[in-house]
Amino acid sequence: MTQAHYTTEERKFQHLTREKRAQIEILLRQGLPKVQIARAVGISRSTLYNELNRGTVEQIDTNLKKYRRYYWDAGQRVYEENRKNSRPPMKIMEAYDFVCYAEKQILENKMSPDAVCGEAKLSGRFQKTVSTKTLYNYIDKRILKVRNIDLPLRVKRKSCTYKCKQNKRLFGMSIEERADEVNNRTVFGHWEIDTIMGKKESSSVLLSLDERLTRKRHLVKIPSRSSEAVRLGLEKIAELYGESFEAVFKSVTTDNGSEFVDLGRYLPKSTKVYYAHPYLSYKRGTNEKQNSLVRRFFPKGKSFDNISDEQVAFVEHWINNLPRKIFNYHCSDFIFYSVLFDIAI
């Protein structure tokens, strides 16, 4: 039988407020019985007696006789002191070695707090660690040397409005023709490509390619932002794979930059090239995200003419060996070469 009203009483386990303590003191001075005081304040008798024990202090009158009286501010003061001791102690001293390691990784190696926590948990090198949320709390409370300004994503949040604009120029197949297995990242061998520009006066740019499933990145310095320079960059990457280049590069998704107008000619015939809609960078989300990682080392406005191939290789290695939450804090290189090894077999 369905009941019209609930019979279970609502829990009212709330701490006494300043106002209720003051009300208790006033009613006590009026000489009301404690049962009536508890009913008037809306608390149980046991709560009232506990509060009286907490806030009753010993006083001396003008005749130097001692007496005991309840004061609401005394009860509030004791309550606040007890609350300070009720919180669990901070774990920072227990996990001191890990916290020092986290500071170094964030400040010097530009890792995120989550990547540091995940990598430490995966490796098991520390006996005591703290969670990602706790590490962020330490940063917010200025307990660590790290500040929020040292965390790129904490100061670069902005809202975006997305509009699907039509391609005014389309050099090949539209991204709308891309298969579901590519969109869902379920199949290995599908890449995203882009160029990263430095200072406007510099001619050199960085060619970046990212495999969608494993997030593996290739980063190559090329002499200019031109179709011929892109060809030179792709030739360097093709040399790394040799005969397996065609099997690894099944498709490439690019934007509508003029440097990619002949992209299909520089790739194997079986490699499909898809062109994304203009001004929709999220369609190549992996590539754009990892371009932002490059900016940690080569910020906007920096000339690429003066950076060496060794510096570019270092940044590529850093990205490919970054612990990633999506892979249970394994790195992209580990996942990429595991899949590549299975294909070779």
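Treat the numbers as computed from the prediction; the structure is a model and nothing was measured.

1. Quick look at the sheet that holds strand 4 (residues 190-197)
Here comes step 1: A sheet is described by the order of its strands in space; here 6 strands give the open sequence 3-8-7-4-5-6, paired in mixed fashion. This sheet does not close on itself; its edge strands, each paired only once, are strand 3 (173-174) and strand 6 (217-222).
Here comes step 2: With respect to the sheet, helix 11 (residues 285-294) is in contact with strand 4, strand 5 (205-211) and strand 6, its orientation differing from that of strand 4 by roughly 40 degrees.
Here comes step 3: Along the sheet, helix 12 (residues 309-320) makes contact with strand 5 and strand 6, crossing strand 6 at roughly 165 degrees.

2. Brief notes about the environment of Gly75
Here comes step 1: Here Gly75 shows up in helix 4 (residues 72-86).
Here comes step 2: A relative accessible area of 0% places Gly75 in the buried class.
Here comes step 3: The residues touching Gly75, leaving out its near neighbours within four places in the chain, are Arg21, Glu51, Arg54 and Gly55.

3. As for helix 11
Here comes step 1: Those residues of helix 11 not exposed but buried are Thr286, Asn287, Gln290, Asn291, Leu293 and Val294. The buried residues of helix 11 occupy an angular sector of 150 degrees when projected down its axis, which confines them to one face.
Here comes step 2: Considering only its buried residues, helix 11 is in contact with strand 4, strand 5, strand 6 and helix 12.

4. What to know about the layout of surface pockets
Here comes step 1: Looking at the second largest pocket, its volume works out to about 580 Å³.
Here comes step 2: Lining the second largest pocket we find 26 residues, and of these Ser112, Leu153, Lys289, Leu293 and Arg296 sit closest to its centre.
Here comes step 3: Of all the elements in the fold, those that place two or more residues in the lining of the second largest pocket are helix 6 (113-123) and helix 11.
Here comes step 4: With 4 residues, the single largest contributor to the lining of the second largest pocket is helix 11.
Here comes step 5: Considered class by class, the residues forming the lining of the second largest pocket number 13 nonpolar, 3 polar and 10 charged.

5. Remarks on the pattern of salt bridges
Here comes step 1: Tallying each qualifying case throughout the model produces 15 salt bridges.
Here comes step 2: Of the charged contacts in the structure, one is a salt bridge between Glu25 and Arg29, with a shortest N-O distance of 2.9 Å. With Glu25 and Arg29 both in helix 1 (residues 18-29), this residue pair falls 4 residues apart, about one helical turn.
Here comes step 3: Shared partners join several salt bridges into a network, and the residues in it are Asp194, Asp255, Arg284 and Glu288.

6. Observations regarding the pairing of strand 7 (residues 251-254)
On any regular strand, side chains alternate: one points to one face of the sheet, the next to the other face.
Here comes step 1: Alternating positions in strand 7 separate into two faces, Ser251 and Thr253 on one and Val252 and Thr254 on the other, with burial throughout.
Here comes step 2: The sheet contact formed by strand 4 and strand 7 spans 3 bridges and is parallel. In the strand pairing of strand 7, His190 is matched with Ser251.
Here comes step 3: Pairing between strand 7 and strand 8 (residues 272-275): 4 bridges, direction parallel. Looking across to strand 8, one finds that Ser251 is bridged to Lys272.

7. Things to note about the nonpolar core
Soluble globular proteins tend to bury their nonpolar side chains together.
Here comes step 1: With 34 residues, the main nonpolar core has Phe98, Leu206, Val294 and Phe298 as its most contacted residues.
Here comes step 2: Looking at this core, the elements that each hand over two or more residues are helix 5 (96-107), helix 6, helix 7 (132-140), helix 11 and helix 12.
Here comes step 3: Per-element tally for this core: the top contributor is helix 5, with 5 residues.
Here comes step 4: What Phe98 contacts, discounting residues up to four positions off in sequence, is Val116, Cys117, Ala120, Phe126, Lys128, Thr129 and Val130.
Here comes step 5: Counting residues in each nonpolar core, the second largest holds 25 residues, with Ile193, Ala229, Leu234 and Phe336 among its members.

8. Re the packing of aromatic side chains
Here comes step 1: This model, assessed by the stated rule, comprises 13 aromatic pairs.
Here comes step 2: Relative to Phe249, the ring of Trp191 has its centre 4.3 Å away and its plane inclined at 10 degrees; by these criteria the two rings are stacked. Pair noted here: Trp191 is in strand 4 and Phe249 is in the loop between helix 10 (245-248) and strand 7, with a separation of 58 residues, a long-range link.
Here comes step 3: Using a relative accessible area of 0% as the deciding quantity, one classes Trp191 as buried.
Here comes step 4: Taking relative accessible area as the criterion, Phe249 reaches 1% and is therefore assigned buried.
Here comes step 5: Each ring, one from Tyr241 and one from Phe249, has its centre 5.9 Å from the other, and the planes form 75 degrees; the classification is edge-to-face. The same class applies to Tyr241 and to Phe249, which are both buried.
Here comes step 6: Three or more aromatic residues joined by ring pairs form one cluster here, namely Phe188, Trp191, Tyr241, Phe245, Phe249, Phe336 and Tyr337.
Here comes step 7: Here the basic side chain of Lys110 rests over the ring of Phe297, its NZ or CZ set 5.7 Å away from the ring centre.
Here comes step 8: Across the ring face of Phe336, the terminal group of Lys216 is positioned such that the distance to the ring centre comes to 5.6 Å.

9. Description of the side chain of Thr253
Here comes step 1: For Thr253, the location among the structural elements is in strand 7.
Here comes step 2: Given a relative accessible area of 0%, Thr253 falls into the buried group.
Here comes step 3: Setting aside anything within four residues of it in sequence, one finds Thr253 in contact with Ile175, Arg178, Trp191, Glu192, Ile193, Tyr274 and Arg284.

10. Things to note about the packing of helix 1 against helix 4
Here comes step 1: At a minimum axis distance of 8 Å, the contact between helix 1 and helix 4 shows a crossing angle of 140 degrees. In the packing of helix 1 onto helix 4, the handedness of the crossing is right-handed. Touching Arg18, Arg21, Ala22 and Glu25 of helix 1 are Trp72, Gly75, Gln76, Tyr79 and Glu80, all from helix 4.
Here comes step 2: Split by residue class, the contact of helix 1 with helix 4 holds 3 nonpolar, 2 polar and 4 charged.

How each quantity is defined
Residues numbered from 1 in each chain as written. Predicted model: local features only at pLDDT ≥ 70, side-chain atom pairs only at ≥ 80, totals over all residues. Heavy atoms only, no water. Pairing = 2+ DSSP bridges. Helix = DSSP H or I, 4+ residues; strand = E, 2+ residues; numbered from the N terminus. Contact = heavy atoms within 4.5 Å. Axes fitted to C-alpha atoms, helices over the stretch in contact; angles between N-to-C directions. Buried < 20%, exposed > 50% of the residue type's maximum accessible area, 1.4 Å probe, protein only. Arc of directions from axis to C-beta. 1 Å grid on protein atoms, 1.4 Å probe; cavity = no way out; pocket = protein on both sides within 12 Å on 5 of 7 lines; lining within 4 Å. Points joined across faces, edges and corners; volume = space filled by probe spheres on them. Nonpolar A, V, L, I, M, F, W, Y, C, P; charged D, E, K, R; others polar. Salt bridge = Lys/Arg side-chain N within 4 Å of Asp/Glu carboxyl O. Core = buried A, V, L, I, M, F, W, Y, C linked by side-chain atoms within 4.5 Å. Phe/Tyr/Trp six-rings, centres within 6.5 Å; stacked < 30°, edge-to-face > 60°. Lys NZ or Arg CZ within 6 Å of the ring centre and 35° of its normal. Left-handed = near helix turned anticlockwise from the far one by under 90°.

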